[in-house]
Amino acid sequence: MMAREQVSPRELTQEPRLELARLYREYGAFINLLLRRLLGPGGDTEDLTQEVFMVALRKLPSLQLEGSAPRVWLAGIAVRLAANLRRSHGFWRILTGQGLLLETPLVDWNTPEHSAQKSEATRQLQALLDTLPEKKRTVFILFELYEMNCTEIASALGCPAKTIHSRLLSARKALVRRHKAAQARRSIR
């Protein structure tokens, strides 16, 4: 397996257009999938992914990462643009379950039954995530699905790490509670 090329913060301010191309190669898929998870199905993630990198291009000449990784910086831009998009629509749409949370399966599903189970589990997870308030949902997605640590998330979102810890704990408790309630409703049927 080939090691991923890492873009160092020091390299980012040299020749912005070349650095933007490097950033896109390194983090484009990550940003697109993050936006898919934040916006759910039907979100215009391709255009928003491009917008993330256009914002990055404008900010590259004056960029001061101060030890932050480019992934954290780009995730912060993506989270803010996704939030702006939701606010501009005036509501967070209720998911219909027609989209998949994950772009590629984590397990090789060989049978139609397994594929259907995965699809249903993914739909249920996305529906549970959508019940969370935006700030808690964002922290949970970045921590649990993208394996960013609380310090990275705090840097990306511009808030204290303790706030991130609090939102994460609250999101986990809410998801467990809602999952148990959904299971109880299904068992009654």
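Calculation rules
Residues numbered from 1 in each chain as written. Predicted model: local features only at pLDDT ≥ 70, side-chain atom pairs only at ≥ 80, totals over all residues. Heavy atoms only, no water. Helix = DSSP H or I, 4+ residues; strand = E, 2+ residues; numbered from the N terminus. Buried < 20%, exposed > 50% of the residue type's maximum accessible area, 1.4 Å probe, protein only. Contact = heavy atoms within 4.5 Å. Salt bridge = Lys/Arg side-chain N within 4 Å of Asp/Glu carboxyl O. Phe/Tyr/Trp six-rings, centres within 6.5 Å; stacked < 30°, edge-to-face > 60°. Lys NZ or Arg CZ within 6 Å of the ring centre and 35° of its normal.

Enquirer: Would you mind going over the overall build of the chain with me for this structure?
Expert: The number of helices and strands found in the chain is 7 helices and 0 strands. Of the regular secondary structure in the chain, the N- to C-terminal order runs α-α-α-α-α-α-α. For the chain, with 189 residues in total, the buried portion stands at 40%. Considering only residue pairs separated by 6 or more positions, the chain has 65% of its internal contacts joining residues 24 or more positions apart.

Enquirer: Looking at this structure, how should I read the pattern of salt bridges?
Expert: Any two side chains of opposite charge can pair, given that their charged atoms come close. Scanning the model with the defined rule gives 5 salt bridges in all. The closest approach of N and O atoms between Arg22 and Glu19, which form a salt bridge, is 3.3 Å. In this pair, Arg22 and Glu19 are both assigned in helix α1 (residues 16-39), 3 residues apart and thus about one turn of the helix distant. For the residue pair Arg22 and Glu19, the accessibility class agrees, reading buried in each case. The residue Glu144 makes a salt bridge to Arg172 at a minimum N-O spacing of 2.5 Å. Placement of the pair is Glu144 in helix α5 (residues 134-145) and Arg172 in helix α7 (residues 161-188), with a sequence separation of 28 residues.

Enquirer: Quick question: what am I supposed to make of the packing of aromatic side chains here?
Expert: The geometry of an aromatic ring pair is captured by the separation of the ring centres together with the interplanar angle, meaning the angle of the planes. For the structure on display, the rule yields 2 aromatic pairs. Ring geometry for Tyr24 against Phe53: centres 5.0 Å apart, planes inclined by 75°, an arrangement best described as edge-to-face. Placement of Tyr24 in helix α1 and of Phe53 in helix α2 (residues 45-59) is noted, with a sequence separation of 29 residues between them. Its relative accessible area of 43% is what places Tyr24 among the partly exposed residues. Given the relative accessible area of 4%, Phe53 is considered buried. Centroid distance Phe30 to Tyr146: 5.0 Å. Interplanar angle 90°. Geometry classified as edge-to-face. With Phe30 in helix α1 and Tyr146 in the loop between α5 and α6 (150-157), this pair connects stretches of sequence that are 116 residues apart. For Arg37, the ring lying beneath its charged end belongs to Tyr146, and the centroid distance is 5.0 Å.

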